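Analysis of the macromolecular model
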Amino acid sequence: MLYDAVRESLPSRAAVAYPHERINALAARLGENDFAAAHAEIQLLFRLLDEAVYDRPEMRSFFVRSILIDILSTVVSAMNQAHIKFKSYSDLYFETLYFCRSFPYEQKKAEIQAHVGRLLDVFEEGVANKCISAPQIQRVVQENCFSPDFSIALLADHFQVSIAYMSLQFKKEMGDIFSMDSCCIIGMKGTDTAVINSQ
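Cut-offs used in this document
- Residues numbered from 1 in each chain as written.
- Predicted model: local features only at pLDDT ≥ 70, side-chain atom pairs only at ≥ 80, totals over all residues.
- Heavy atoms only, no water.
- Axes fitted to C-alpha atoms, helices over the stretch in contact; angles between N-to-C directions.
- Helix = DSSP H or I, 4+ residues; strand = E, 2+ residues; numbered from the N terminus.
- Parallel < 35°, antiparallel > 145°, perpendicular 65-115°, else oblique.
- Contact = heavy atoms within 4.5 Å.
- Nonpolar A, V, L, I, M, F, W, Y, C, P; charged D, E, K, R; others polar.
- Expected span 1.5 Å × (residues − 1).
- Bend = angle between axes of the 7 residues up to and from the residue.
- Buried < 20%, exposed > 50% of the residue type's maximum accessible area, 1.4 Å probe, protein only.
- pLDDT = per-residue confidence, 0-100.
- Core = buried A, V, L, I, M, F, W, Y, C linked by side-chain atoms within 4.5 Å.
- Salt bridge = Lys/Arg side-chain N within 4 Å of Asp/Glu carboxyl O.

1. Notes on the packing of helix 9 (residues 152-159) against helix 10 (residues 163-174)
- Interaxial distance between helix 9 and helix 10 falls to 9 Å at its minimum, and their mutual angle equals 95 degrees. For the element pair helix 9 / helix 10, the angle class is roughly perpendicular. Counting all contacts with helix 9, which are made through I152, A153, L155, A156 and F159, the residues of helix 10 involved are I163, M166, S167 and F170.
- Taken together, the residues that form the contact of helix 9 with helix 10 break down as eight nonpolar, one polar and no charged.

2. Regarding helix 7 (residues 105-129)
- Compared with an ideal rise of 1.5 Å per residue, which puts 25 residues at 36 Å, helix 7 spans 33 Å between its outermost C-alpha atoms and is within 8% of the ideal.
- Bending of helix 7 peaks at approximately 35 degrees at the position of E111.
- Here helix 7 has its buried residues at Y105, K108, I112, H115, V116, G117, L119, L120, V122, F123, G126 and V127.

3. Re the packing of helix 4 (residues 35-51) against helix 7
- It is the contact of helix 4 with helix 7, at a shortest axis distance of 11 Å, that shows an interaxial angle of 170 degrees. Considered as vectors, helix 4 and helix 7 are oriented roughly antiparallel to each other. Facing F35, A38, H39, I42, F46, L49 and D50 of helix 4, the residues of helix 7 in contact are Y105, K109, I112, Q113, V116, G117, L120, D121, F123, E124 and V127.
- Here the contact of helix 4 with helix 7 is built from residues that sort into 11 nonpolar, three polar and four charged.

4. So, the environment of H20
- Mapped onto the elements, H20 comes out in helix 3 (residues 20-31).
- Look at H20 and you get buried, because its relative accessible area is 7%.
- Residues H20 and I67 lie 47 residues apart in sequence; the distance between their C-alpha atoms is 9.0 Å.

5. Some words on the confidence of the model for the protein
- Chain-level pLDDT for the protein is 84 on average; 83% of the residues reach the 70-or-more range.
- Mean pLDDT values over the elements of the protein span from 46, in helix 2 (residues 12-17), up to 96, in helix 6 (residues 90-102).
- In this model, residues 12-16 is a region of pLDDT below 50 whose contacts with residues beyond four sequence positions or in other chains number six contacts.
- Predicted confidence for residues 192-199 stays below pLDDT 50, and this span has zero contacts to residues more than four positions away or in other chains.

6. Notes on the nonpolar core
- Judged by nonpolar contacts, the single largest core of 38 residues is most densely connected at L30, F46, I71 and F123.
- Listing elements by their share of this core, those giving two or more residues are helix 3, helix 4, helix 5 (57-81), helix 6 and helix 7.
- Counting residues per element, this core draws most heavily on helix 5, which supplies 10 residues.
- Leaving out residues up to four positions away in the same chain, F123 has contacts with L30, N33, F35, V75, A78, M79, A82 and I84.
- Core analysis: the second largest hydrophobic core is formed by 19 residues, C145, L155, A156 and I186 among them.

7. Quick notes on the side chain of S182
- In this structure, S182 sits in helix 11 (residues 180-198).
- Ignoring sequence-local partners within four residues, the contact set of S182 consists of F170, D176 and I177.

8. Looking at the pattern of salt bridges
- As enumerated under the stated definition, the model contains seven salt bridges in all.
- Between K109 and D50 there is a salt bridge; the shortest N-O distance is 3.2 Å. On the criterion of sequence distance, the pair formed by K109 in helix 7 and D50 in helix 4 is long-range, its members being 59 residues apart.
- The shortest N-O distance in the salt bridge between D157 and K85 comes to 2.1 Å. In this pair, D157 is assigned in helix 9 and K85 in the loop between helix 5 and helix 6, connecting sequence segments 72 residues apart.
- By relative accessible area, K85 is classed as buried at 15%.
- Taken together, the salt bridges that share partners define one network made up of K85, K87 and D157.

Given below as structure tokens:
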């Protein structure tokens, strides 16, 4: 459930204190793949955490953890929507989540901030790698298509994208669905070109 959906039912102090607009802005920047602006939004959120003052320490801890989990959830949700392969960042995500849930923010502040920054870097690299062109696919297929282990999963691993996204890109760029027949045809065209170039 989004904070905006329950904001009206909360006491006015809570509505002012919780940075829902910053979280929403972070989600928007990530959706636009504007990573510089996303980094800036996250820095603003971390600054807010550093300045958060509550009368009762347990409320501050709850407030800080809630924001940290929302930052992490927002980043990971955007990565998932962009088809960034979870395997490429799962260890980093789980360690960050562990720090956020298990330690006082002050104790793991540097690690949490560094991990969130690295998650954004992985996201940015994943988006850059998603620009997979037909020549790139052809090259990888030609180099590997006659291997008994070659599959759409290995092709997706090579480009560090999900299998679903790789299937979509293969169809878009190659004009055919991924199959061993289509890969053999691509592989044979590479062999023909190599023979012609060697003569």
